[in-house]
Amino acid sequence: MASEKFVIPIGPQHPALKEPGHFEFNVDGEIVTDASVRLGYVHRGIEKGAETRNFVQAEYLVERICGICSHVHATAFCLGVERLAGVEAPPRAQAIRQIVAELERIHSHLLWVGVAAHEAGFDTLFMYTWRDRETVMNLLEGITGNRVNYSANVLGGVKCDIGPEQAEAIQIGLNFLEERTRHYLEVVSSDAMFLRRTRGIGVMTREDAERMGVVGPTARASGVPRDVRIDAPYLLYAEHPVELVIEEAGDLEARFKVRVRELFESYRVIRELLTALPEGELTARIPRRIKPAETISRVEAPRGELFYFIKSNGTDSAERVKVRTPTLPNMASVLALSVGHQLADVPMILAGIDPCFSCNDRMAVVKRNGDEQVWTWEQLRQYGIEYYR
Amino acid sequence: METDTCLQKAAELLAPWAQETIEPEPGRVDVAVAPGDLVAAARALMDARWGYLTAITGLDPGEEDGRLEALYHFACGAAIVTLRVRVPRTRPAVPSLIDVIPSVSFYERELMEMFGIVVEGTPNTDRLFLPEDWPDGVYPLRKDFRMEQLGG
């Protein structure tokens, strides 16, 4: 029947990356006319859980919100709790936190370039970026002992130091990655086949980006100068700043360029910190019980602004821990941007924000129509690749 | 704009609706407004292009307080302004900001399902994070939530 909507539900298993979310796209022929999302498949009740554990335990808990950007969650939480307690981590600890945070951004951005290339059917780029990503994973393991959930932070400082040998290893690793990154920047801005999937696709104007409140590289690719590291410096970002990386085009190509160009800033600031690593203690003492107060802690995660609200009540555990991850505001833009696009472009538009469902889901409905057609993400991805073949 | 100038400007913009204004820590201003004034206050910030809504926090101060709180955090550079709305526990309702901030839907859906605060006029009242078979009227981030409420 011509008047009926044709709904294509996608998910909840693995709609992008290997994480669950459920989307529904209404289509008119090839064109998406409406989109909705149902999240929550990996909601684990972490905000509630953090209220029933003491601050030390809660730090381990929030670090497990996300497997990709675990360090930045723990950093936001520690900075907030330290502020409530009136304690500041020693300068060396702050430098190490910043080095690990930037290494984490490198691993996250390289991971994203690979995943997004995979969605476009460019698996060679996927394989190369993920091979190179192992370099930074090894560096993180060398510093902290872990590939994921590095557990570098403790309340009041860090638990791992960076010695001369590790500093040397990091320098060698960064030299290799920087050379590779120059190649990737060339690929994403000049490969004719790849540009057909990215240039002019999923365009978000600066006005739209500001209206939708998007954050991180998604915002910066639309010309919005928004980066917590620059707007509200924390750790040693005031003394060792990063430069704002911004693109005006607002399409998928711009989102690729912003993330790849940001890698160079990460390499530069890590080198700077390694040569100026402050001497001194790794931790400051922090009281077990914290007087009643409220604080807000914001950091720039690889995907954008990560927001923590923490309320203490005089005991050794938090009264309330609120987490707003960057994927939530960015996800709203996917729903808006998909409308009017070919269904075949949806995988790339979704991947373009670098969605992190686990982050989101500390917290997409299958309508049971007679003529519904359920696709897996793999089917949709293949559809997109075939469509552009 | 410098952080202090930013905060000063926000305080001026919000003055007509402010019931109480405090500075909980450097770089932040916390302004209590009545539920009925929330939309006007948010519109004043948005019309002046004062930053963006970064998050909505629900708060349950406990049953004895008799109220629930919704905190609307706006960020402009390093400055953060919080609009604090207190609503009675017996009939917790706030107006939707959808006409002022089109992207607010996800935040309002989360506030509704986690705290049982009714957001009047919000376009989508579906659950965002909680499962389909979650019992109605059970709000997990309220302090009186008990696992037994989930049954089974």
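Things to note about the sheet that holds strand 8 (residues 318-324) of chain A
All names here are of chain A. Spatial ordering of the open sheet is given by 6-7-8, a layout of three strands whose pairing is antiparallel. Only two strands of the sheet have a single partner each, and these edge strands are strand 6 (293-301) and strand 8. Across the sheet, the axes of successive neighbouring strands diverge by a mean angle of 15°, strand direction being ignored. Bridging between strand 6 and strand 7 (residues 304-312) involves nine bridges; their strand directions are antiparallel. Bridge pairing in strand 7 links isoleucine 296 to phenylalanine 309. Contacts from helix 3 (residues 70-85) reach strand 6 and strand 7, with the element oriented near 150° to strand 6.

Re the domain arrangement of chain A
How big an interface is tends to be expressed through the accessible area that disappears when the partners come together. All names here are of chain A. Domain annotation of chain A identifies domain 1 (6-43 + 327-388) and domain 2 (46-324). Its C-alpha centre places domain 1 at a distance of 26 Å from the equivalent point of domain 2. With 26 residues of domain 1 at the contact, the number on the domain 2 side is 28 residues. Mapped by element, the contributors of at least two residues to the side of domain 1 that touches domain 2 are helix 12 (327-338), helix 13 (346-352), helix 14 (357-360) and helix 15 (377-388). When residues of the side of domain 1 that touches domain 2 are assigned to their parent elements, the largest contribution, eight residues, is made by helix 12. Of the residues assigned to the side of domain 1 that touches domain 2, the class counts are 16 nonpolar, six polar and four charged.

Some remarks on the environment of B:Ala79
All names here are of chain B. Assignment of secondary structure puts alanine 79 in strand 5 (residues 79-88). Counting along the chain gives 60 residues from alanine 79 to glutamine 19, while the straight-line C-alpha distance between them is 20 Å. Other than its neighbours up to four places away in sequence, alanine 79 contacts Thr3, Cys6, Leu7 and Gly27.

Brief notes about the interface of chain A and chain B
Contact residues are listed per partner, giving 27 residues for chain A and 25 residues for chain B. Among the elements of the structure, helix 1 (46-51), helix 8 (206-212), strand 6, strand 7, strand 8 and helix 12 of chain A are those that each provide at least two residues to the side of chain A that touches chain B.

Comments concerning the nonpolar core
Grouped together as the largest cluster of nonpolar side chains are 156 residues, with contacts concentrated most on A:Tyr308, B:Ala42, B:Phe74 and B:Leu111. In terms of residues, this core owes the most to one element, helix 4 (residues 91-119) of chain A, which gives 14 residues. Counting only domains with at least three residues in this core, you end up with domain 1 (6-43 + 327-388) and domain 2 (46-324) of chain A. Look past the residues within four positions of B:Phe74 in its chain and what remains in contact with it is B:Leu45, B:Trp50, B:Gly51, B:Tyr52, B:Leu53, B:Thr54, B:Ile80 and B:Val81.

Observations concerning the sheet that holds strand 5 of chain B
Residue and element names in this part refer to chain B. Taken in spatial order, the five strands make up an open sheet running 1-2-5-4-3, and their pairing is mixed. In the strand order of this sheet, the two ends are held by strand 1 (20-22) and strand 3 (52-59), each with one partner. Adjacent strand axes in the sheet meet at a mean angle of 20° when their direction is disregarded. The sheet contact formed by strand 1 and strand 2 (residues 28-33) spans three bridges and is antiparallel. Its bridge partner being in strand 2, glutamate 20 is matched across the sheet by alanine 32. In the packing of helix 2 (residues 38-47) onto the sheet, the strands contacted are strand 2, strand 4 (67-76) and strand 5, and the crossing angle to strand 5 comes to about 170°. Here helix 3 (residues 105-115) sits on the sheet and contacts strand 3 and strand 4; the angle it forms with strand 3, its principal contact strand, is near 5°.

Focus on the packing of helix 2 (residues 55-63) of chain A against helix 3 of chain A
Residues and elements named next belong to chain A. Direction vectors running N to C along helix 2 and helix 3 enclose 150°, while the axes themselves pass 8 Å from each other. Accordingly, the angle class assigned to the pair helix 2 and helix 3 is roughly antiparallel. Here the hand of the crossing between helix 2 and helix 3 comes out right-handed. Packed against helix 2, whose contacting residues are Phe55, Glu59, Val62 and Glu63, the element helix 3 presents Ser70, His73, Ala74, Phe77, Cys78 and Val81 at the interface. Within the contact of helix 2 with helix 3, the residues separate by chemical class into six nonpolar, two polar and two charged.

Criteria and cut-off values
- Residues numbered from 1 in each chain as written.
- Chains lettered and ligands numbered in written order.
- Predicted model: local features only at pLDDT ≥ 70, side-chain atom pairs only at ≥ 80, totals over all residues.
- Pairing = 2+ DSSP bridges.
- Helix = DSSP H or I, 4+ residues; strand = E, 2+ residues; numbered from the N terminus.
- Axes fitted to C-alpha atoms, helices over the stretch in contact; angles between N-to-C directions.
- Contact = placed C-beta atoms within 7 Å.
- Domains from an automatic or database assignment.
- Nonpolar A, V, L, I, M, F, W, Y, C, P; charged D, E, K, R; others polar.
- Core = buried A, V, L, I, M, F, W, Y, C linked by C-beta atoms within 7 Å.
- Buried ≥ 20, exposed ≤ 12 C-beta atoms within 10 Å, placed from the backbone.
- Parallel < 35°, antiparallel > 145°, perpendicular 65-115°, else oblique.
- Left-handed = near helix turned anticlockwise from the far one by under 90°.

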